[in-house]
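Each chain, written out:
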Amino acid sequence: MNLEKTLFDTYGFTSFRPGQKEVIEKILGGQDVIALLPTGMGKSMCYQLPAHLMEGSVLVVSPLLSLMQDQVAQLKKMGEKSVAAINSFLDPAERSNILHNLNTYRFIFISPEMLVQPYIKNKLMGLNISLLVADEAHCISQWGFDFRPDYLRIAEIMPALGHPRVLALTATATAKVTEEIKQYLKLSEPFIYTHPMDRKNIAYDIKKFENGKEKLEWLSTFVAANKGPGIIYAGTRKKSQELSNLLSLSGIRTAFYHGGMEHQDRIFVQQQFQNGELEWVCSTNAFGMGVHIPDIGHVIHFQVPTSIEGYVQEVGRAGRNGDPALATLLYAAGDEDLLANLVLDDLPTNHEIREVYQNEGDPAQLVDQGIVRETSLRVISYWKNHLSEQDTIIQIAQQKNEKIKQSAKIRKLINLESCVREYVLECFDQQLHIKPENCCINDHLNFADFLTHRETVDIQVLDTWESRLNAILPC
DNA sequence: CGTACTCTAAATAGTTAGAGTACGGTGCACTATT
């Protein structure tokens, strides 16, 4: 079989990107695959092409509804008509129509939550699914344990589907995350493709400040002098709004973005940013997955991220076009503990575990009575189906330990005196072979190469940002 | 850990300081209400 010919005939591309062919060959050969491909390496082709060479449909488990809609639109744009997404966006008529005609679709997108619904499982059971794709598979590990436990349950559908081949795709996975993907998707001997994840065109900077006000001053000055597009990651929803409001006062085209906003508003911000109508987006970690903007030149972390994985994912949204891009991590004393504690508090407490295990009525009442938090209930309910109470307590304790390790890695990053790039790669069990000329703050960095000066400076707004800053800050 | 808010006591009539407490980030689906 000539894969290149199929690639050209179907999609018009003359050659594969690194990894694609290898991954596709393994899938066609009947093997499960975990593919670690950096952003922009054409992950979706790894299931799109096989779909044309196999009998039956491809079922893609996707983490976000908006991402799903995007993927569907992309495929349709490429001329693929038999695409459907099963999710809560569907009105009852569409939904019933799609569910009745499931066997006519070549690509079916679905959320993990939908996938584990018994009636959906029944609908999928009669289908000929040749490949199950776990897109953004790091979510299994990143969200499965404390946030979206249905991510741990994807494998439950396998028997009903007659054990199709499985392809797990992600851009960022440590050895531990890869192991968890393998474990929870129940893959016995997967082929693991790992592409070097270093992004040569992204340089790392870390700036330390005495307090939050100094960070703000630096940010205002920098953003006033440098045009976007850029993303500023804040630690809280409120902070993302504050930063956006502050920068707007200086005449900068900016907007905020976080999970507490109306869906329509979120889409609007994303579209404006994609169309170049916004220069800087101030957001929480909600922003990014599924955002494909090639020319992001700056990613600034105004507050410290909660894990190296999260940091790398967010940084990786810069420089997709290959142009030089700068990742700047801002740190002020005390920042590292802010979200670390929050993240720990989020896992179920031993008390909550005991309550759920010993509860004999409707567990939802525990939530109503304020004894158990809602996410805790969902996480504990998952474990209750698999483990004893004591083992669940041990399991959750291990998760907490893991979170502590993650925040220790971040702390080390902040205080690093050696090469940032090497350290980040080390966290992903990879080695740096070739160091780019512009590497990081600890190992050669020429800032001039990354500055994106504004061509038309809006003088009237630049001169008085300090007074504006003081005006809105009580300190 | 830091912030914002609430509560309480001591001051004396509306204000203030300090103590205590709740909250902070990622999303799906479902249901009830407009």
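Rules of the game
- Counting restarts for each chain: residues are numbered from 1 in the order of the written sequence.
- Whichever chain is written first is A, and whichever ligand is written first is 1; the rest continue in order.
- Thresholds applied to this predicted model are a pLDDT of at least 70 for local features of residues and 80 or more for the giving and counting of side-chain atom pairs; totals over whole chains, interfaces and linings are not thresholded and use all residues.
- Just so you know, side-chain values use all the structure's heavy atoms and leave hydrogens and water out.
- Accessibility here uses a 1.4 Å probe with only protein chains present; expressed as a share of the type maximum, an area under 20% marks a residue as buried, one over 50% as exposed, and anything in between as partly exposed.
- Labels follow the DSSP assignment, with helices taken as runs of H or I lasting at least four residues and strands as runs of E lasting at least two, numbered in each case from the N terminus.
- Note on pairing: two strands pair once DSSP finds at least 2 bridges between them.
- We call a residue near a molecule or strand when any one of its heavy atoms sits within 4 Å of it.
- The term polar contact refers here to a pair of N or O atoms within 3.5 Å; inside protein, the definition further demands a hydrogen-donor-capable atom paired with an acceptor-capable atom, and it admits residues adjacent in sequence only when both atoms are side-chain atoms.
- Polar here means any residue other than Ala, Val, Leu, Ile, Met, Phe, Trp, Tyr, Cys and Pro, which are nonpolar, and Asp, Glu, Lys and Arg, which are charged; Gly is therefore polar.
- As a rule, the C-alpha atoms of each element are fitted with a line to give its axis, helices using only the stretch in contact, and angles between N-to-C directions run from 0 to 180 degrees.
- Here the angle decides the label: under 35 degrees means roughly parallel, over 145 means roughly antiparallel, 65 to 115 means roughly perpendicular, and every other value means oblique.
- Only heavy atoms enter the contact rule, under which two residues are in contact if any of them lie within 4.5 Å.
- One speaks of a salt bridge when a side-chain nitrogen belonging to Lys or Arg is within 4 Å of a carboxyl oxygen belonging to Asp or Glu.

As named in an unreviewed UniProt entry, chain A is RecQ family ATP-dependent DNA helicase, taken from Planomicrobium okeanokoites.

Some remarks on the pairing of strand 5 (residues 129-134)
Of all six residues that make up strand 5, six are buried, and the element is covered over most of its length. Sheet topology places strand 2 (residues 57-61) next to strand 5; five bridges connect them, and they run parallel. The residue bridging Leu-59 from the neighbouring strand is Leu-132, located in strand 5. Pairing of strand 5 with strand 6 (residues 165-170), which is carried by four bridges, proceeds in the parallel orientation. Paired with Leu-132 across the strands is Val-166, a residue of strand 6.

Thoughts on the protein's contact with DNA strand B
Residues in close proximity to DNA strand B total 31 residues, the closest being Leu-65, Ser-88, Arg-237, Thr-284 and Asp-346. Note that a phosphate oxygen of DNA strand B is positioned 2.9 Å from one of the backbone N or O atoms of Gly-259. One nitrogen or oxygen atom from the side chain of Asn-285 is found 3.2 Å from a sugar or linking oxygen belonging to DNA strand B. At the level of elements, helix 6 (112-115), helix 11 (237-249) and helix 14 (335-346) are the ones that each hand at least two residues to the surface near DNA strand B. With six residues, the single largest contributor to the surface near DNA strand B is helix 14. Residue composition of the surface near DNA strand B, grouped by class: 11 nonpolar, 11 polar and nine charged.

Side note on the packing of helix 13 (residues 308-315) against helix 18 (residues 389-414)
Look at helix 13 against helix 18: their axes get within 8 Å of each other, and the N-to-C directions meet at 60°. Regarding the angle of helix 13 to helix 18, the classification is oblique. Residues Ile-308, Glu-309 and Tyr-311 of helix 13 pack against Gln-406, Lys-409, Ile-410 and Leu-413 of helix 18. Here the contact of helix 13 with helix 18 is built from residues that sort into four nonpolar, one polar and two charged.

Notes on the pattern of salt bridges
Per the stated rule, a full pass over the model turns up 18 salt bridges. Of the charged contacts, one joins Lys-5 and Asp-9 as a salt bridge, the two residues approaching to 2.7 Å between their closest N and O atoms. Taken together, the positions of Lys-5 and Asp-9, both in helix 1 (residues 3-11) and four residues apart, correspond to about one turn of that helix. In this structure, the salt-bridge partner of Asp-443 is Lys-435, at a minimum N-O distance of 2.5 Å. Three or more residues are tied together by salt bridges with common partners; here these are Asp-150, Arg-153 and Glu-156.

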